[in-house]
Protein chains: 2
Amino acid sequence: MGLFTKDIKTMNDLFAHQLQDIYYAEKQLVKALPEMADKATDPQLKQGFLTHLQETKTHVQRLEQVFKMHGLSVKAVDCPAIDGIIEEAEDVAGDVADDQVLDAAIIAAAQAVEHYEITRYGSLIAWAKRLGRNDCANLLEQNLQEEKAADKKLTDIAESKVNLRAA
Amino acid sequence: MGLFTKDIKTMNDLFAHQLQDIYYAEKQLVKALPEMADKATDPQLKQGFLTHLQETKTHVQRLEQVFKMHGLSVKAVDCPAIDGIIEEAEDVAGDVADDQVLDAAIIAAAQAVEHYEITRYGSLIAWAKRLGRNDCANLLEQNLQEEKAADKKLTDIAESKVNLRAA
């Protein structure tokens with residue numbers, strides 16, 4: 001993600017780079033979520049991924065707003081962290097014999113994605129506030145709350161059925 | 001991490017693989033934390049990394065206990081997710097002009113590591129319980145609580161001084 005290059009001199013540079021990082025992550029997730037929905041066998045889980053896909057598309061739009069509000073060009077930077085996490089999440093080859101075990105594995109992979117986003121939004125919101133950009137922080141906060149809700153929903157599905165049946 | 005290979009047929013296989021994944025992550029972190037402590041400029045942050053290094057060494061030992069309790073050989077598997085996250089965290093080349101901005105960047109990178117561990121321990125604990133291994137779940141819970149505390153400490157440091165000064 002180039003967080004630690006010489007290009008980063010100020011908190012503003014750091015904010016801009018982190019924004020490019022999460023923008024890349026959200027765009028990658030727009031591609032990954034339909035595949036995860038395809039592979040999931042539990043209907044509630046499948047539907048959950050499709051709902052979160054719609055939310056994720058909104059997150060991309062909100063990030064584009066933040067770029068513009070803060071006078072930055074809309075840009076994504078490669079990020080090895082999210083690539084690694086999504087690589088694991090996408091690697092669900094359907095080879096797991098038991099459907100419930102497969103769903104449990106997909107949920108774990110999706111939660112790793114959510115937690116990555118939660119931590120990145122947490123930093124971004126703090127930095128936006130320090131930069132006096134409460135307007136940007138508010139938009140980022142909306143994305144954060146939806147990521148947290150998605151993570152909680154995955155935990156609920158896992159606890160209510162998938163893990164129970166897979167044990 | 002090989003989570004979705006044909007080798008994974010049961011919840012027990014999934015648990016074993018996830019355990020190998022987090023074992024790899026903790027061992028990588030034992031190598032990464034001293035470097036992060038070196039690069040941090042805030043004394044409290046520096047000390048925080050060194051304290052967490054000691055905790056992380058204990059996490060490795062607890063994981064080895066869990067492997068043995070559950071009749072598994074102690075083994076690590078490569079995991080592109082944590083490699084990507086630590087690659088970002090280690091990439092702090094000291095080129096950032098402003099020390100406070102550097103610390104803010106290091107904290108964000110460290111929190112991404114903590115959140116990865118938090119989500120993995122969350123899944124592992126749920127699966128251990130479903131497998132009737134409350135003894136394993138208890139040990140994993142100890143690691144989880146320390147990761148959560150480390151994450152909170154990083155947030156506190158960021159909010160109390162680093163972000164404030166860097167703005």
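Our structure's up above, just so we're on the same page.
Residues numbered from 1 in each chain as written. Chains lettered and ligands numbered in written order. Predicted model: local features only at pLDDT ≥ 70, side-chain atom pairs only at ≥ 80, totals over all residues. Heavy atoms only, no water.

Colleague: Can you lay out helix H4 (residues 99-130) of chain A for me, pointing to particular residues and giving the numbers?
Modeller: Residues and elements named next belong to chain A. Taking 1.5 Å of rise per residue, the 32 residues of H4 would be expected to cover 46 Å, and the 47 Å separating its terminal C-alpha atoms lies within 8% of that figure. Within H4, 27 of the 32 residues are buried, which leaves it mostly tucked inside the rest of the structure. The opening residue of H4, the one whose side-chain oxygen lies 2.7 Å from the backbone nitrogen of Gln100, is Asp98. Gly132, located one to two residues past H4, shows a positive phi value of around 75 degrees. (Helix = DSSP H or I, 4+ residues; strand = E, 2+ residues; numbered from the N terminus. Expected span 1.5 Å × (residues − 1). Buried < 20%, exposed > 50% of the residue type's maximum accessible area, 1.4 Å probe, protein only. Polar contact = N/O pair within 3.5 Å; in protein donor to acceptor, adjacent residues only side chain to side chain.)

Colleague: So what's going on with the state of the cysteines? Residues and values would help.
Modeller: On inspection of all chains with the given rule, the structure shows zero disulfides over all chains. Cys79 of chain A takes part in no disulfide bond, and the closest cysteine sulfur to it belongs to Cys79 of chain B, at a distance of 14 Å. By relative accessible area, which is 0% here, Cys79 of chain A ends up buried. (Disulfide = S-S within 2.5 Å.)

Colleague: Quick one: what's the story with helix H1 (residues 11-39) of chain B, residue by residue and with numbers?
Modeller: For H1 of chain B, which comprises 29 residues, the first-to-last C-alpha distance of 41 Å matches the rise-based estimate of 42 Å (1.5 Å per residue) to within 8%. Lys31 of chain B marks where H1 of chain B bends most, by close to 35 degrees; the proline Pro34 of chain B follows one to four residues later. (Bend = angle between axes of the 7 residues up to and from the residue.)

Colleague: So what about the nonpolar core? Which residues, and what values?
Modeller: Ranked by size, the top nonpolar core spans 104 residues in total, and within it Phe49 and Leu140 of chain A together with Phe49 and Leu140 of chain B carry the most contacts. Setting aside its immediate chain neighbours within four residues, Leu140 of chain A contacts Phe15, Leu19, Leu63, Val66, Tyr121, Leu124, Ile125 and Ala128 of chain A. (Core = buried A, V, L, I, M, F, W, Y, C linked by side-chain atoms within 4.5 Å. Contact = heavy atoms within 4.5 Å.)

Colleague: An account of the packing of helix H2 (residues 43-69) of chain B against helix H4 (residues 99-130) of chain B is requested, with residue identities and associated values reported.
Modeller: Residues and elements named next belong to chain B. Packing of H2 against H4 brings their axes to within 13 Å, and their N-to-C directions diverge by 20 degrees. Judged by the inter-axis angle, H2 sits roughly parallel to H4. Crossing handedness for the pair H2 and H4: left-handed. Residue-level contacts link Leu45, Phe49, His52, His59 and Leu63 of H2 to Asp103, Ile106, Ile107, Ala110, Glu114 and Tyr121 of H4. By residue class, the composition of the contact of H2 with H4 is seven nonpolar, two polar and two charged. (Axes fitted to C-alpha atoms, helices over the stretch in contact; angles between N-to-C directions. Parallel < 35°, antiparallel > 145°, perpendicular 65-115°, else oblique. Left-handed = near helix turned anticlockwise from the far one by under 90°. Nonpolar A, V, L, I, M, F, W, Y, C, P; charged D, E, K, R; others polar.)

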